[in-house]
Amino acid sequence: MVISDTCPACGANRYKKNGHTRHGKQHHHCKAWGRQFTADAMDWRMAPEQRRRIEQLVCERISLRGICRTMGVSLTWLLHFLVACVTACPDHVHAQLPAQPTEVLLSRLDAEADAMWSLVQKKANQPWIWMAMDATTRQIIAFHVGDRSHESGKELWANIPRVYREQATFHTDQYAVYKGVIPAEQHRAMTKNARKTHHIERFNNTLRQRVSRLVRETLSFSKKLANHIGAIKFFICHYNLTKGGALPV
């Protein structure tokens, strides 16, 4: 944190008090430059290392205010930073598709699909997180947040890359919606004892343990569905990059 006793724009120390911010902080007006600034303003030009550190902390089950206290940033700045991070996340969530999709390779594609419960604002509002995973690379290839209806299942299927929709075999639990969404020749409805969906079920646990707003009986719940989806998408992108070797474990 940088405590400003001069104008951040021109460096002059000739300024006067000029009201307060909506957070109660003292505003000052520079007499030389005419710029308004806050006396205890932070230097928002953070180093890339600090920004990467904040991105890592977001994926480690730490509340937003906890990150603010740890990194010395304001909640307002952190929220704007996270919005920028989520906006930059691509729709393909950094999933690595097969390098050369030959017919022989495609016949060996194996995927798993599952859905997990979550909440937004209150327990009565329960969006479900639908996900599909490549069983070999352990990367999440698609996700969708919605209800448990057939329409949400179709949204998940539409988000799955075409190479998987055409050739992969999908293992799911025995939830009836999957039968009406995944083509019968590509679908395998398994029981718990078959252990064909344990990879994605283990990821469900990872997601719930590392995204604070998904932890059961927590104060870090989402208040808006858009923020809820953004946090999930950001973690999945980070997870896929880690699995792909682009980020350290």
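None of these values were measured; they are calculated from a predicted model. (Residues numbered from 1 in each chain as written. Predicted model: local features only at pLDDT ≥ 70, side-chain atom pairs only at ≥ 80, totals over all residues. Heavy atoms only, no water.)

**Side note on the confidence of the model for the chain**
Where we set the bar: Scored between 0 and 100, pLDDT is the confidence that the predictor attaches to each residue. In this text, helices come from DSSP runs of H or I with a minimum length of four residues, and strands from runs of E with a minimum of two, each type numbered from the N-terminal end.
Across the chain, the average pLDDT comes to 86, with 90% of residues at or above 70. Confidence, read as mean pLDDT per element, is least for helix H4 (residues 103–106) in the chain (50) and greatest for strand E6 (residues 140–146) (97).

**Structural notes on the sheet that holds strand E1 (residues 15–20)**
Strand pairing within a sheet occurs via backbone hydrogen bonds; the two strands may be parallel or antiparallel. Defined as follows: Only strands that DSSP links by at least two bridges are regarded as paired with each other. Interaxial angles span 0 to 180 degrees and are taken between N-to-C directions of axes, which are lines fitted to C-alpha atoms, for helices over the stretch in contact.
On the basis of which strands lie adjacent, the open sheet formed by 3 strands has the order E1-E2-E3 and antiparallel pairing. Looking at the sheet topology across the chains shown, the edges are occupied by E1 and strand E3 (36–38). Averaged over neighbouring strand pairs, the angle between their axes works out to 40° when direction is ignored.

**Focus on the pattern of salt bridges**
For clarity, the threshold we go by: Here, a salt bridge means any Lys or Arg side-chain nitrogen found within 4 Å of an Asp or Glu carboxyl oxygen. The buried label applies to any residue whose accessible area, calculated with a 1.4 Å probe on protein chains only, is under 20% of its type's maximum; exposed applies above 50%, and partly exposed to all values in between.
What the rule picks out here adds up to 4 salt bridges. Among the salt bridges present, the one from Arg-52 reaches Glu-49, with a minimum N-O distance of 3.8 Å. Here Glu-49 and Arg-52 lie together in helix H1 (residues 48–58), a separation of 3 residues that amounts to about one turn. With a shortest N-O distance of 2.9 Å, Arg-210 and Glu-60 are connected by a salt bridge. One end of the pair, Arg-210, is in helix H8 (residues 198–210); the other, Glu-60, is in the loop between H1 and helix H2 (64–71), and 150 residues separate them in sequence. Given a relative accessible area of 25%, Arg-210 falls into the partly exposed group.

**Quick notes on the pairing of strand E7 (residues 169–172)**
Relative to E7, strand E4 (residues 110–117) runs parallel, the two sharing 3 bridges. Residue Glu-112 lies in a different strand from E7, and its bridge partner there is His-171. Pairing between E7 and strand E8 (residues 187–189): 3 bridges, direction parallel. Within the sheet, the bridge partner assigned to Thr-172 lies in E8 and is Ala-189.

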